[in-house]
Amino acid sequence: MTQSQNRQPDQNPQEAENRQDPRWKVIHADMDAFFASVEVLDDPSLKGLPLIIGHPGPRGVVSTASYEARKFGVHSALPSTEALRRCPEGVWRSPRGGRYGEISRQVMQVFREFTPLVEPLSVDEAFLDIEGSLKLYGGAIAIAHQIRERVFEQTGGLTVSIGVAPNKFLAKLASDLDKPDGLTVVDPDGIQELLDPLPVQKIWGVGPKTTRQLNDLGLHRIEDLRNAGLEFLMRRWGERSAQHLWALAHGRDSREVHEPESSKSISTENTFTVDIMKGSDSDKFLRNAAEEVCQSMRQQGFRARTVRLKVRASSFRTLTRSKTLDTPFIDAATLYNTGRELLTHVDLEAEGIRLLGLGVSGLVHASQPIQGQMFISELEPARDATVTGLIDQSRSDSRVPPLKRGSLLSPPPEKSGGGKGAAIEKSDQEETL
Ligand SMILES: [Mg+2]
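Here the structure is a predicted model, which means the values were calculated and not measured. (Residues numbered from 1 in each chain as written. Predicted model: local features only at pLDDT ≥ 70, side-chain atom pairs only at ≥ 80, totals over all residues. Heavy atoms only, no water.)

(A) Quick peek at the coordination of the magnesium ion. Bound to the magnesium ion are the protein donor atoms Asp-30 (OD), Met-31 (O) and Asp-124 (OD), situated 2.1 to 2.4 Å from the metal. Spacing between the donor residues of the magnesium ion along their common chain follows D-M-x92-D. Judged by relative accessible area, which is 12%, Asp-30 ranks as buried. In this structure Met-31 comes out as buried when scored by relative accessible area, which is 2%. (Donors = N, O, S within 2.8 Å, 3.2 Å for Na, K, Ca; no water. Buried < 20%, exposed > 50% of the residue type's maximum accessible area, 1.4 Å probe, protein only.)

Written out as structure tokens, the structure is:
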């Protein structure tokens, strides 16, 4: 991790100061020729060849081209027939979505090591809001270096290009300026100088159609847009679009990095005053944590697919385990049972437990229909929801003692398979309280 800092040592204190500019809040990270690079990674004999990912048939289009193939004018979305004409010596490979997805997950996971606020734009690129991580990692540029190294390390040799900037638009623009394996930092005091000479199509959202319209009006570079004036743009594109274009032409973009709901998580953890051992103490924590997390999940209107367990041993060794269930759940019994099962998979080597955490991720809106439930009694989810509603009600009403699920009052059988039915039965008892 310090390797990158050695490679680019701070020249002087002033430079070091600049390298910590708190205005660098957003990173855009974009894998280089992603599909083609994955193919080369898996088959090094393809290295250096004009590699084209796609189907060379008459109706095919190019999905990704290696940098060698790009020299022939082959690029994404080009009809395959045209790619064959431009680059007859091109080496073709069919896309392998599953493999790209696998690497994509590794890469996104690396991004999340640096901030929880990661907004994937596609399988191979994402925005990262790093404002909250600047101090921890020694500034935006240090984060960028570390991301590149971690991606390289984690994938076994893939490169990523990174843009560091005060906002999303500039970060996305920057990541593209020095591909492949680039790192471009936008000087917050030199934004106009950077933008002015660039062609208008470099503005995020300006596609071929708008580019043509702008060019027809004699507007070719971003500077031309500024000189044309806001009113001119408004007459042509209407107030909203013109103002958006105007702001971007000045490097202003107030859009925030949005973490997709499916990667949000809800969790709770506790550091014990005295280390505990696996057994009744850990069970007690998991029971309460499951109730707490599920209540929060219901309040926010989610179900979850994935259960996460975090264990910190006496020696500060931190272990995490997770399990993704087939069906999204909302009930504490499922969370507790799964958390308990995950804990059995943690080998503490006779150490005590200093911290325990239980949480959920892979959230989906509770209103979303659940697939694969066709053959389970349709009454079950409804009954479960009723019980759950009663529990939440009792918790928010100070006049009644809080209800707990029957299934949570005593440890369930070791095996959690088929636990759903059991949980419902016990919940019914509870309902009669
Ligand atoms: Mg890319």
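So that's the structure; there's more coming.
(B) Fine view of helix α9 (residues 168–175). Counting buried positions over the eight residues of α9 gives seven, a clear majority of the element. Listed in full, the buried residues belonging to α9 are Lys-168, Phe-169, Leu-170, Ala-171, Leu-173, Ala-174 and Ser-175. (Helix = DSSP H or I, 4+ residues; strand = E, 2+ residues; numbered from the N terminus.)

(C) Molecular detail of the sheet that holds strand β7 (residues 160–165). Strand order across the open sheet formed by five strands is β5-β6-β1-β7-β8, with mixed pairing between neighbours. Edge positions in the open sheet fall to β5 (118–122) and β8 (183–185), since each of these has one partner strand only. When strand polarity is set aside, the average angle formed by the axes of neighbouring strands in this sheet is 15°. Pairing of strand β1 (residues 26–31) with strand β6 (residues 125–129) involves five bridges; the strand directions are antiparallel. Among the inter-strand pairings, Val-26 is bridged to a residue of β6, identified as Asp-129. Helix-sheet contacts for helix α6 (residues 97–114) involve β1, β5 and β6, and the interaxial angle to β5 is about 150°. Running over the sheet, helix α8 (residues 140–155) touches β1, β6, β7 and β8 and is turned about 165° from β7. (Pairing = 2+ DSSP bridges. Axes fitted to C-alpha atoms, helices over the stretch in contact; angles between N-to-C directions. Contact = heavy atoms within 4.5 Å.)

(D) Molecular detail of the nonpolar core. Core analysis: the biggest nonpolar cluster contains 35 residues, and Ile-27, Phe-111, Ile-147 and Ile-162 have the highest contact counts within it. Those elements giving two or more residues to this core turn out to be β1, α3 (34–42), β2 (51–54), α6, β6, α8 and β7. No other element matches α6, which puts seven residues into this core. Apart from the residues lying within four places of it in its own chain, the contact partners of Ile-162 are Ile-27, His-28, Ala-29, Ala-144, Ile-147, Arg-148, Ser-175, Gly-182, Leu-183 and Thr-184. Grouped together as the second largest cluster of nonpolar side chains are 32 residues, Phe-272, Leu-319, Ile-353 and Leu-356 included. (Core = buried A, V, L, I, M, F, W, Y, C linked by side-chain atoms within 4.5 Å.)

So far we have only geometry, and geometry alone does not tell us how the molecule works.
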